[in-house]
Amino acid sequence: LSLLVLGPLVRAAFAFIDEQAPLWAPPRAMVVSAERHLLLRVERLGEDIERLTTSQLSAALRASYGALFGDAGLGCVSGLAARHYCAPAGFALVRVPRRHAAQARAAATAVQFIRKRPVRLSVIHMAGSQRTARRALVRRLEQQLAALAPPRPRAALGLCKGAAVRPP
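Definitions and cut-offs
- Residues numbered from 1 in each chain as written.
- Predicted model: local features only at pLDDT ≥ 70, side-chain atom pairs only at ≥ 80, totals over all residues.
- Heavy atoms only, no water.
- Helix = DSSP H or I, 4+ residues; strand = E, 2+ residues; numbered from the N terminus.
- Buried < 20%, exposed > 50% of the residue type's maximum accessible area, 1.4 Å probe, protein only.
- Contact = heavy atoms within 4.5 Å.
- Areas by Shrake-Rupley, 256 points an atom, 1.4 Å probe, with all protein chains shown as cover.
- Phe/Tyr/Trp six-rings, centres within 6.5 Å; stacked < 30°, edge-to-face > 60°.
- Salt bridge = Lys/Arg side-chain N within 4 Å of Asp/Glu carboxyl O.
- Pairing = 2+ DSSP bridges.

(A) Up close: the overall build of the chain. Each helix and strand counted, the chain has 4 helices and 5 strands in total. Element order for the chain, N to C, with α for helix and β for strand: α-β-α-β-β-α-β-β-α. Among the 168 residues that make up the chain, the fraction classed as buried is 25%. Counting only contacts in the chain whose residues sit at least 6 apart along the sequence, the fraction spanning at least 24 positions is 67%. As presented, the chain carries roughly 12200 Å² of accessible surface, and 60% of it is formed by carbon and sulfur atoms.

If you want it as structure tokens, here you go:
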């Protein structure tokens, strides 16, 4: 068979293969999620016995967002939600749409009261996934624990009389 006969057949076969789902696709770039996760530090400024919930935190964030950016801004950020809140540690994890993450940071820092109780919210970390936000929280808590730990005695460091000096 000549190339003149096989040429159109080969082209038709490749056209059919191109229309089908590819068996192998080149690797894609890193997946960009549509959400950001803000790790917030929640400081209660007054003596407060009432327990704060995630729904109260979400409502306060939405109210602050509406006050700063109006009804149109509030309509754009329907995905704003407090996912977790740990009262003893004073940390909260908030999910926001990626396009509105900077505005949500501003709204979080503008919150002054939650249910008429004075609070201060500060953004500690912004992450692309819930997993990385939790890792940042663990690092932060480890740093706080290390700061609270008593200093090691000199003998434990090997600096007592007659001992060789070695790095900690």
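(B) Geometry of the packing of aromatic side chains. Throughout the structure, instances matching the rule amount to 1 aromatic pair. The interplanar angle of 50 degrees and the centroid separation of 4.8 Å between the aromatic rings of Tyr-65 and Phe-69 together place this pair among those described as tilted. On the criterion of helical spacing, the pair formed by Tyr-65 and Phe-69 is a turn pair, its members being 4 residues apart in helix 2 (residues 54-76). In this structure Phe-69 comes out as partly exposed when scored by relative accessible area, which is 32%.

(C) Main features of the pattern of salt bridges. Applying the stated criterion across every chain yields a total of 3 salt bridges. Residue Glu-43 is joined to Arg-120 by a salt bridge in which the shortest nitrogen-to-oxygen separation is 3.5 Å. You can see Glu-43 sitting in strand 1 (residues 35-44) and its partner Arg-120 sitting in strand 5 (residues 117-127), a full 77 residues away along the chain. Among the charged side chains, a network of salt bridges with common partners joins Arg-41, Glu-43 and Arg-120.

(D) Looking closely at the pairing of strand 5. With 8 bridges connecting them, strand 1 and strand 5 associate as antiparallel partners. Bridging across to strand 5, Leu-38 finds its partner in Met-126. Summarising the sheet, strand 4 (residues 113-114) and strand 5 pair through 2 bridges and their orientation is antiparallel. From the neighbouring strand, Ile-114 faces strand 5, where its bridge partner is Arg-117. The hairpin turn running from strand 4 into strand 5, its antiparallel successor, is 2 residues long, and Arg-115 in that turn takes a positive phi close to 55 degrees.

(E) Focus on the environment of Met-126. By the element assignment, Met-126 lies in strand 5. Given the relative accessible area of 34%, Met-126 is considered partly exposed. Sequence-wise, Met-126 and Leu-40 are 86 residues apart; in three dimensions their C-alpha atoms are separated by 9.0 Å. Beyond its immediate sequence surroundings of up to four residues, Met-126 is in contact with Arg-36, His-37, Leu-38, Ala-101 and Arg-105.

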